[in-house]
Amino acid sequence: MKLGIIGLPNVGKSTLFNSLTKAGAESANYPFCTIDPNVGVVAVPDERLELLGNMYHSKKVTPAVIEFVDIAGLVKGASKGEGLGNQFLSNIREVDAIVHVVRCFEDGNVVHVDGSVNPLRDIETINFELIFSDLEVLERRLAKVVKAARMDKAAAKEQAFLERIKAHLESGKQAKTMEITDEDELAFMREYNFLTWKPVIYGANVSEDDLADDGASNTKVAEVRRFAEGEKSEVFVICAQIEQEISELDDDEKAMFLEDLGLKESGLEKLVRASYSLLGLMSFLTAGEDETRAWTIRIGTKAPQAAGKIHSDFERGFIKAEVVNYKNLLEHGSLAAAREKGLVGIEGKDYVVQDGDVILFRFNV
């Protein structure tokens, strides 16, 4: 899974990126300190892996990972070359979802690029830049398609669709709010990779005081949540400064620090939960002496396709899957013991994999 982090300058975007990835992107109290896109790979926290790894005495424990791409703070007019311009938007065209960090805290020592804290205005500013960027991509595509459309019915259909999208974007609406009428249009839309087609997770960056109640008493967070609900986006509340402090601690210290703050989970865990929910993802597990590992798949994936995540031969030669829930496996201490209790299912090609399944695939190529 690949997530792109965007936001206005000085909203806590790079501070959050640093804390999530410990990659050390420069973070300072002035716009455009992040000049090149920063990329960091983060392990998805999953306590099931450690427990299973200990049970099997696994030589290696491999979590699922998320790749984060952090780009320079955007400003009004970025798509026309203001600030550092539109060049950075191309760096997030390939991400699965966008994490839009929005400032919901007051701090006179941290300047806001527009002079005041107003999260909905900030969201609108960024959204317009994404729309303008998509229009540039659309215009280039349209120029190619128009030539082919004179002789090709498929190209003519695409031209009509592109012109409909253009009118939609020019009215200030995002691509994802447009009505798609058939599978061809859906295929076109996926191919274009528009930024405003991508799912969005809003990171409401608050002060430490607003963390304990998950931003419930912060009116700016409430505004962001209402806005996100209207466009079917996710919201997670973070304090980027606290996240940076947490990132310097080991696991035991981290647990104590979170407890002292009255928190059950870190910002990374909140973000993982929000992104998995938004993208319809989950994890199944494989476990053994050599390796215990988490594999990320879409909810609703059937056993052969899940096997294909491990290796294409597993899917091609799929015979069956031995499946046990990780809780049952841990409770009984071994696959053999769980099997004796009738807790291991022998599943075929139509089995829909569930979150937390521990699977042993049988295949023959």
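Residues numbered from 1 in each chain as written. Predicted model: local features only at pLDDT ≥ 70, side-chain atom pairs only at ≥ 80, totals over all residues. Heavy atoms only, no water.

## Comments concerning the confidence of the model for the protein
Just so we agree on the cut-off: The predictor rates its confidence in each residue with pLDDT, a number between 0 and 100. By definition, any uninterrupted DSSP run of H or I lasting at least four residues is a helix, any uninterrupted run of E lasting at least two residues is a strand, and each is numbered from the N terminus.
In this model, the protein carries an average pLDDT of 87, and 89% of its residues clear a pLDDT of 70 or more. For the protein, the element scoring lowest by mean pLDDT is helix H1 (residues 13-21), at 82; strand S10 (residues 318-325) scores highest, at 97.

## Some thoughts on the packing of helix H4 (residues 153-170) against helix H5 (residues 183-192)
Heads up, the rule is: A fitted line through C-alpha atoms represents every axis, and for helices the fit uses only the stretch in contact; the resulting angles, taken between N-to-C directions, go from 0 to 180 degrees. Each angle receives one of four descriptions, namely roughly parallel if under 35 degrees, roughly antiparallel if over 145, roughly perpendicular if within 65 to 115, and oblique otherwise. Crossing handedness follows the turn of the near helix against the far one: under a right angle anticlockwise gives a left-handed crossing, and clockwise gives a right-handed one. The contact definition used throughout considers only heavy atoms, calling two residues in contact when any of these lie within 4.5 Å.
Contact geometry for H4 and H5: axes closest at 11 Å, N-to-C directions at 65°. Relative to H5, H4 is oriented roughly perpendicular. For the pair H4 and H5, the sense of crossing is right-handed. Residues Ala154, Lys157, Glu158, Phe161, Leu162, Arg164 and Ile165 of H4 lie in contact with H5, whose contacting residues are Asp184, Glu185, Phe188, Met189 and Tyr192.

## Thoughts on the pattern of salt bridges
Threshold: Salt bridges are defined as contacts in which a side-chain nitrogen from Lys or Arg sits within 4 Å of a carboxyl oxygen from Asp or Glu. Buried means the residue's accessible area, taken with a 1.4 Å probe over protein chains only, is under 20% of the maximum for its type, while exposed means over 50%, and partly exposed covers the values in between.
For the coordinates displayed, the defined rule picks out 24 salt bridges. In this structure, Glu231 and Lys176 form a salt bridge, with 4.0 Å as the shortest nitrogen-oxygen distance. Within this pair, whereas Glu231 is found in the loop between helix H6 (219-230) and strand S7 (234-238), its partner Lys176 is found in the loop between H4 and H5, the two being separated by 55 residues in sequence. For Glu231, a relative accessible area of 18% corresponds to the buried category. One network of salt bridges, in which partners are shared, links Asp46, Arg48 and Asp355.

## Description of the packing of H1 against helix H7 (residues 240-247)
Think of two packed helices as two axes; the pair is described by the angle between the axes and how far apart they sit. Running from N to C, H1 and H7 cross one another at 25°; their axes reach a closest spacing of 8 Å. Here H1 lies roughly parallel to H7, going by the angle between them. In this structure, the crossing between H1 and H7 has a hand that is left-handed. Contacts from Thr15, Leu16, Asn18 and Ser19 of H1 reach H7 at Ala240, Gln241, Glu243, Gln244 and Ser247.

## Details of the pairing of strand S9 (residues 291-298)
The following threshold applies: For two strands to be treated as a pair, DSSP must find at least two bridges joining them.
Pairing between strand S3 (residues 60-62) and S9: three bridges, direction parallel. Bridging from a neighbouring strand, Lys60 pairs with Glu291 of S9. Here strand S8 (residues 281-286) runs beside S9; their pairing, made up of six bridges, is antiparallel. Along S9, the bridge assignment pairs Phe284 with Trp295.

## Brief notes about the side chain of Asp210
The criterion, for reference: We score Asp and Glu as negative and Lys and Arg as positive, and we do not count His or the chain ends. Polar contact criterion, stated in full: a pair of N or O atoms within 3.5 Å, where within protein one must be able to donate a hydrogen and the other to accept it, and residues adjacent in sequence count only if both atoms are side-chain atoms.
You can see Asp210 is positioned in the loop between strand S6 (200-205) and H6. It is Lys220 that comes nearest to the buried, bridge-free Asp210 among opposite-charge side chains, at 8.8 Å. There is a polar contact of 2.9 Å between the side chain of Asp210 and the side chain of Asn218. Setting aside residues no more than four positions away along its own chain, Asp210 makes contact with Gly215, Ser217 and Asn218.

## Here we look at the side chain of Asn205
Here Asn205 is to be found in strand S6. Here Asn205 falls in the buried class, since its relative accessible area comes to 3%. Side-chain polar atoms of Asn205 contact the backbone oxygen of Val11, separated by 2.8 Å.

## A word on the nonpolar core
Soluble globular proteins tend to bury their nonpolar side chains together. Here is the rule we go by: To qualify as a nonpolar core, a set must consist of buried Ala, Val, Leu, Ile, Met, Phe, Trp, Tyr and Cys residues joined through side-chain atoms within 4.5 Å.
Core analysis: the biggest nonpolar cluster contains 65 residues, and Phe68, Ile92 and Leu271 have the highest contact counts within it. Counting residues per element, this core draws most heavily on helix H9 (residues 267-279), at six residues. Ignoring anything within four residues of it in the chain, the contact list for Ile92 reads Gly4, Ile6, Val69, Ile71, Ile98, Leu195 and Lys198.

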